[in-house]
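Chain and residue survey
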Amino acid sequence: MGAARRQKVITLAVAKKLAAAAEEEAGQNKWNVVIVIVDDGGNLLYLQRLDETQLGSIEVAIQKAQTAVNFKRPSKALEDAW
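Summarised in this report is the structure supplied together with it. Owing to the predicted nature of the structure, the values given are computational and were not obtained by experimental measurement.

Let's shift gears to the environment of V69. Structurally, the position occupied by V69 is in helix α2 (residues 56-71). Judged by its relative accessible area of 24%, V69 falls in the partly exposed class. Here the alpha-carbon distance between V69 and G42, two residues 27 residues apart in the chain, equals 5.9 Å. Not counting chain neighbours up to four residues away, the residues in contact with V69 comprise V38, D39, D40, G41 and G42.

With respect to the helices and strands, the residue I62 is situated in helix α2. Assessed through its relative accessible area of 13%, I62 is described here as buried. Those residues in contact with I62, other than ones at most four positions away along the chain, are V36 and L47.

Another point: helix α1 (residues 12-29). Counted at 1.5 Å a residue, the expected span for α1 with its 18 residues is 26 Å, and the 26 Å between its end C-alpha atoms agrees. For α1, the set of buried residues is A15, A19 and A26. Each buried residue of α1 sits inside an arc of 30 degrees when the element is viewed along its axis, so together they form one side. Exposed and oriented more than 90 degrees from the buried face of α1 are K17, E24 and Q28. Looking at the buried side of α1, the elements it contacts are β1 (34-38) and β2 (44-49). Count one or two residues on from α1 and you reach K30, which has phi positive near 55 degrees.

Definitions and cut-offs
- Within every chain, residues take consecutive numbers counted from 1 along the sequence as written.
- Reporting of local features is limited, given that this is a predicted model, to residues whose pLDDT is at least 70; pairs of side-chain atoms are given and counted only at 80 or more, and all residues count toward the totals for whole chains, interfaces and linings.
- The basis for every side-chain value is the complete set of heavy atoms in the structure, and neither hydrogens nor water enter the calculation.
- Secondary structure counts use DSSP, requiring at least four H or I residues in a row for a helix and at least two E residues in a row for a strand, with both numbered from the N terminus.
- Note on exposure labels: buried denotes an accessible area under 20% of the residue type's maximum, exposed denotes more than 50%, and partly exposed covers the range between, all computed with a 1.4 Å probe on protein chains only.
- Contact definition: two residues touch when any of their heavy atoms are within 4.5 Å.
- Each residue after the first adds 1.5 Å to the expected span of a helix.
- Comment: arc refers to directions from the helix axis out to C-beta atoms.

Fair warning: the whole summary comes from geometry, so function is off the table for now.
In structure tokens:
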């Protein structure tokens, strides 16, 4: 039998650090956004809605994150292809 492939996993602690960096970037640019971190299967790990962000952005952010996982590229790349 061959060697087992080790899968990298994003821990909650790492997800929080990623979200903090995203929040800082959003603040610097005055963006009201929802920050979503998903695992390699597109399952929600972490969600953060910044103040004043519209509620409709929650589901959109989750779907964008899942799309990025499913197509193995940023969802923006798919938008640009249209």
